[in-house]
Amino acid sequence: MVTKIDPVELTKALIRCPSVTPEEGGALVLLEELLTAGGFECTRVDRGGVSNLFARWGTRGANKSFGFNGHTDVVPVGDVSAWSVDPFGAVEKDGYIWGRGATDMKSGVAAFAAAAVDFVRDTPPDGAVILTITGDEEGDAIDGTTALLDWMAAQGERMSCCLVGEPTSPDTMGEMMKIGRRGSMTAWFTVTGEQGHSAYPHRALNPLPAMARLIDRLASHELDKGTEHFDASTLAVVTIDTGNAATNVIPAACSAAVNIRFNDSHSGAGLTAWLEGEATKIKEEFGTGVEMRVKVSGESFITPPGALSTLIASAVNAELGVTPEMSTTGGTSDARFVKDHCDVVEFGLVGKTMHQVDERVPVKQIVQLKAVYTRILQEYFA
Ligand SMILES: [Zn+2]
């Protein structure tokens, strides 16, 4: 009799690997052993001091190839004494597995690895199953999924579609999948004037009123009203600094930063042009200098509702009895890189305790997630 892979035990084993970015911590080694034993061809795609794992069952370039993407790296534990358990102990109590990475996302990786190994052994499909697992999602994400996708392009490896196993539901298992994500960018401004005595403001050029006007203009501007699949874009002022403690001094410079989360009616370049225009207006109105620096961390993207999202929704419904909402909310994920390779949708468990002290995952959800992933594979290759 063949033993099925237990996703709960696998989650525990992965949590016991201390894989805080960029440490591999033994997590990918463990998965490589499991997948190799399951008939997967594994390649470590390490780049820039980061470890990544590519695994394929079936032939390269198969017509139908279903991909999973996930990460084994975790964020630091922070103050260990604030935890009620060993963050790398994977204790099971009160129906939960406790530890760093329990929800984000060692359980997700365990669920799809277990589903994939059992599926190809029990019902070998006509096609390929590909797992791309990175050790650099929580860090800069420069040498993680991007390295895997670069390597795949060079090797002629191809996924027809891909499911990212990040946690996607806010409260209840199965209630949400992500079919796209908003873009994210940050802009830093420095307004420069001339320092002076606050009793003689006419002899100085105070950068603060100029900065106040700039920030007010940006914060009160309506970027859009939302689009078919996205909420309205948002702009948050995240800091305004002068470092000036003296009340009799007008400072020479002031800096500030804003973070923008934008939908598919914008691009990073378009928003940069708008910000530049606003900076120029302030320069002209106040006679100050205004310098701007921008970083676009990701463009917005969407995989419009279609075959892949329907497949996932029907599998979730069959296993859990709920129909997941197709959402584009939340922060960024590696789906922003995968979208340039193939259609991508995200579905995973409830993300409540991600990045928190006492991160934990209900045992039941790990089992449910493996069942959903298994059904997705069955229906995809049916
Ligand atoms: Zn994650």
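Residues numbered from 1 in each chain as written. Predicted model: local features only at pLDDT ≥ 70, side-chain atom pairs only at ≥ 80, totals over all residues. Heavy atoms only, no water.

(A) Looking closely at the sheet that holds strand β4 (residues 92-93). The three strands lie next to each other as β4-β5-β19, forming an open sheet whose pairing is antiparallel. Edge strands, defined here as strands with exactly one partner in the open sheet, are β4 and β19 (360-362). With three bridges joining them, strand β5 (residues 96-98) and β19 adopt antiparallel strand pairing. Pairing of I97 across the sheet is with V361, part of β19. Sitting on the sheet, helix α3 (residues 102-122) is in contact with β5 and β19, with an inclination near 50° to β19. (Pairing = 2+ DSSP bridges. Helix = DSSP H or I, 4+ residues; strand = E, 2+ residues; numbered from the N terminus. Contact = heavy atoms within 4.5 Å. Axes fitted to C-alpha atoms, helices over the stretch in contact; angles between N-to-C directions.)

(B) Geometry of the coordination of the zinc ion. Around the zinc ion, the donor atoms from the protein are H71 (NE2), D104 (OD), E166 (OE) and E166 (OE), and they sit 1.9 to 2.5 Å away. Geometry at the zinc ion is irregular, judged from its four donor atoms and the angles of 54 to 146° they form at the metal. Along the chain, the residues donating to the zinc ion are arranged with the sequence spacing H-x32-D-x61-E. Here H71, found in strand β3 (residues 65-71), pairs with E166, found in the loop between β7 (161-164) and β8 (176-178); they are 95 residues apart in sequence, far enough to count as distant. Per residue, the accessibility class of H71 equals that of E166, and both read buried. (Donors = N, O, S within 2.8 Å, 3.2 Å for Na, K, Ca; no water. Tetrahedral: all angles 85-135°; square planar, octahedral: opposite > 155°, others 65-115°. Buried < 20%, exposed > 50% of the residue type's maximum accessible area, 1.4 Å probe, protein only.)

(C) Layout of the packing of aromatic side chains. Within this structure, the stated rule accounts for nine aromatic pairs. Ring plane angle 55° and centroid distance 6.4 Å describe the contact between F112 and Y373, whose orientation is recorded as tilted. In this pair, F112 sits in helix α3 while Y373 sits in helix α9 (residues 363-381), placing the two residues 261 residues apart along the sequence. Across the pair, Y373 and F112 agree in class, each one buried. Ring geometry for Y380 against F381: centres 4.8 Å apart, planes inclined by 90°, an arrangement best described as edge-to-face. Each of the two residues, Y380 as well as F381, counts as buried. Linked through ring pairs, F66, F68, F112, F119, Y373, Y380 and F381 together constitute an aromatic cluster. The ring of W98 carries K93 above its face, with NZ or CZ at 4.3 Å from the centroid. The ring of W188 carries R293 above its face, with NZ or CZ at 4.2 Å from the centroid. (Phe/Tyr/Trp six-rings, centres within 6.5 Å; stacked < 30°, edge-to-face > 60°. Lys NZ or Arg CZ within 6 Å of the ring centre and 35° of its normal.)

(D) Representation of the domain arrangement of the protein chain within the structure. Domain annotation of the protein chain identifies domain 1 (7-181 + 301-380) and domain 2 (183-298). One C-alpha centre belongs to domain 1, the other to domain 2; they are set 38 Å apart. Each partner contributes to the interface: domain 1 provides ten residues, whereas domain 2 provides nine residues. Counting each side, the surface lost to burial between domain 1 and domain 2 is near 630 Å², with a carbon and sulfur contribution of 62%. Sorting the residues of domain 1 by area buried against domain 2 places I302, T328 and T332 first, and these three jointly supply 47% of that buried surface. Counting across the interface, domain 1 meets domain 2 through zero salt bridges. At the junction of domain 1 with domain 2, the criterion picks out two residue pairs in polar contact (both at pLDDT 80 or more). By residue class, the composition of the side of domain 1 that touches domain 2 is four nonpolar, four polar and two charged. (Domains from an automatic or database assignment. Buried area = accessible area lost by both parts, 1.4 Å probe. Salt bridge = Lys/Arg side-chain N within 4 Å of Asp/Glu carboxyl O. Polar contact = N/O pair within 3.5 Å; in protein donor to acceptor, adjacent residues only side chain to side chain. Nonpolar A, V, L, I, M, F, W, Y, C, P; charged D, E, K, R; others polar.)

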